[in-house]
Structure formats: C-alpha cells, structure tokens
Amino acid sequence: MNSNVDRYFLALDSEVWAIREKAFTGLFNEGSRAVATLVTGAAHNRPRVRAACVALMDHLADERCCESLEQALHDASPLVRRHAVHAVGCQRCKLQPLSIDVVAALIERVLNDSSPRVRRVAIHQLGLQPRDARAIQVLKNVIAESQDTGLVSRARHALCLQQATAEPPDANGLAAASWMMDRTVVASL
Ligand SMILES: [Zn+2]
C-alpha cells in the first residue's frame with residue numbers, strides 16, 4: 001500500500017473532526033481516481049475508515065464498488081451498515097446506477113438488521129426507489145406489524161412515495177413510449 005493511501009486512512013480514523021473532514025474532501029475531489037482507495041478502505045480494520053470510504057462510495061461508486069457495498073451492508077459496525085444502506089439506496093448522489101438489486105438489498109436490511117437506525121434508513125430509502133411490488137408489500141407489513149413507531153411512521157411516508165410513483169411501463173406499445181418520454185423530460189429539468 002502506498003504512503004499516500006496510508007495517510008488518508010490514518011486521517012479518516014483521526015479523533016479530530018477537521019482532520020477527518022479534510023481527508024474526506026480530498027478523496028471526494030479525486031473523483032473516480034479515488035475509487036481504488038475506497039475499495040481498499042472499505043475493508044480496513046478500523047470502522048471509521050470503512051464508514052468514510054463507504055460514505056464516499058455514495059458519490060463516487062462505479063462497478064468496482066458493488067462487492068464492497070454488498071459486504072458493507074453486513075458489516076459488524078452499525079455505522080458502516082448505515083452508510084452502506086444510504087450508498088446503495090441513494091440514486092440522487094450518483095452519476096451512474098449500480099448493478100445491485102437495490103430493493104432486495106434494502107428489504108433484507110429492513111427485515112434483518114439488529115440496529116433500529118439502520119432499519120429506519122433502509123425503510124426511508126425504500127420509499128425513494130422506483131415503484132416495486134416487493135417494496136410495497138414489505139412497507140405494508142411493517143406498518144401492520146412493527147412495534148417501532150419511528151419505523152412505522154417512516155414506512156407510511158415511504159409507502160405514499162412508492163404508491164405515488166408511476167406504474168412500470170408495458171414491455172411494448174404506447175405506454176412504454178410515453179413513459180420513456182416523461183423520463184427524458186424529468187431528467188432534463
Ligand atoms: Zn446520497
């Protein structure tokens with residue numbers, strides 16, 4: 001490992017916020033050149049380094065990051081898992097979508113994560129995904145069954161967002177064409 005990368009990891013693990021912030025910004029500004037460092041850092045033995053690298057993947061991830069992100073969803077540290085759930089779910093921060101089944105990954109964390117905070121972030125992100133029958137079913141189940149009032153209120157909001165999203169288009173025909181056009185208009189705003 002070269003010393004520049006080592007310096008980044010040392011700084012990302014600093015007790016001093018300003019030092020962590022400077023390293024974070026430095027990596028962010030490197031853009032896609034930082035991705036190899038982020039992949040290495042996502043497997044670092046210090047949770048704060050893993051969390052920072054996973055958080056940066058929210059903005060910089062490309063295909064090289066998919067494996068790291070899927071592992072981070074099951075990290076021992078809830079901080080790392082929380083950043084991983086955001087990084088996997090959040091499309092707004094990304095230049096390109098990841099080849100991950102995002103809805104399935106989020107549902108798995110909603111159902112199985114031991115941390116209420118991670119489950120809440122996963123529910124919130126489910127609401128932001130394109131309409132998906134699996135997401136709608138899980139949100140309805142959470143609303144009906146969960147004892148966590150914070151989770152239930154987020155699930156209600158997420159369900160509203162999911163149900164407000166247009167139905168996926170037909171595989172062929174006019175419906176598909178007009179949906180594609182709408183998407184183009186929305187993307188150009
Ligand atoms: Zn984001």
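Scroll up a little and you will see the structure.
The shown structure was predicted, so the numbers you read here are calculated from the model rather than taken from an experiment.

Chemist: Give a description of helix H10 (residues 149-164) that names residues and reports values.
Modeler: Here H10 is 16 residues long and its end C-alpha atoms lie 23 Å apart, about the 22 Å a rise of 1.5 Å per residue gives. Looking at H10, one finds that the buried residues are Arg154, Ala155, Ala158, Leu159 and Gln162. Projected down its long axis, H10 carries its buried residues within an arc of 145°, all on one side. Residues of H10 that are exposed and angled more than 90 degrees away from the buried face: Thr149, Cys160 and Ala164. On the buried face of H10, the contacting elements are helix H8 (116-127) and helix H9 (133-145).

Chemist: Explain the nonpolar core residue by residue, including any values.
Modeler: Counting residues in hydrophobic clusters, the biggest one holds 47 residues, and the most contacted among them are Val54, Met57 and Leu69. Broken down by element, this core gets its largest block of residues, 9 residues, from helix H4 (residues 47-60). Counting residues domain by domain, this core receives three or more from each of domain 1 (1-97) and domain 2 (101-189).

Chemist: How would you explain the packing of helix H6 (residues 78-89) against H8 if you had to name every residue and give the values?
Modeler: Close contact between H6 and H8 brings their axes to 9 Å; oriented N to C, the two are set at 5°. By the angle class used here, H6 and H8 are roughly parallel. Residues Pro78, Arg81, Arg82, Val85, His86 and Gly89 of H6 touch H8, and the partners they reach there are Arg117, Val118, Val121, Ala122 and Gln125. Among the residues forming the contact of H6 with H8, the class breakdown is 5 nonpolar, 3 polar and 3 charged.

Chemist: Lay out the packing of H4 against H6 in plain terms, naming residues and giving numbers.
Modeler: With their axes 8 Å apart at the nearest point, H4 and H6 run at an angle of 5° to one another. Regarding the angle of H4 to H6, the classification is roughly parallel. On H6, the residues touching Pro47, Arg50, Ala51, Val54, Ala55, Met57 and Asp58 of H4 are Leu79, Val80, His83, Ala84, His86 and Ala87. Per-class residue counts for the contact of H4 with H6 are 9 nonpolar, 2 polar and 2 charged.

Rules behind the numbers
- Residues numbered from 1 in each chain as written.
- Predicted model: local features only at pLDDT ≥ 70, side-chain atom pairs only at ≥ 80, totals over all residues.
- Helix = DSSP H or I, 4+ residues; strand = E, 2+ residues; numbered from the N terminus.
- Expected span 1.5 Å × (residues − 1).
- Buried ≥ 20, exposed ≤ 12 C-beta atoms within 10 Å, placed from the backbone.
- Arc of directions from axis to C-beta.
- Contact = placed C-beta atoms within 7 Å.
- Core = buried A, V, L, I, M, F, W, Y, C linked by C-beta atoms within 7 Å.
- Domains from an automatic or database assignment.
- Axes fitted to C-alpha atoms, helices over the stretch in contact; angles between N-to-C directions.
- Parallel < 35°, antiparallel > 145°, perpendicular 65-115°, else oblique.
- Nonpolar A, V, L, I, M, F, W, Y, C, P; charged D, E, K, R; others polar.

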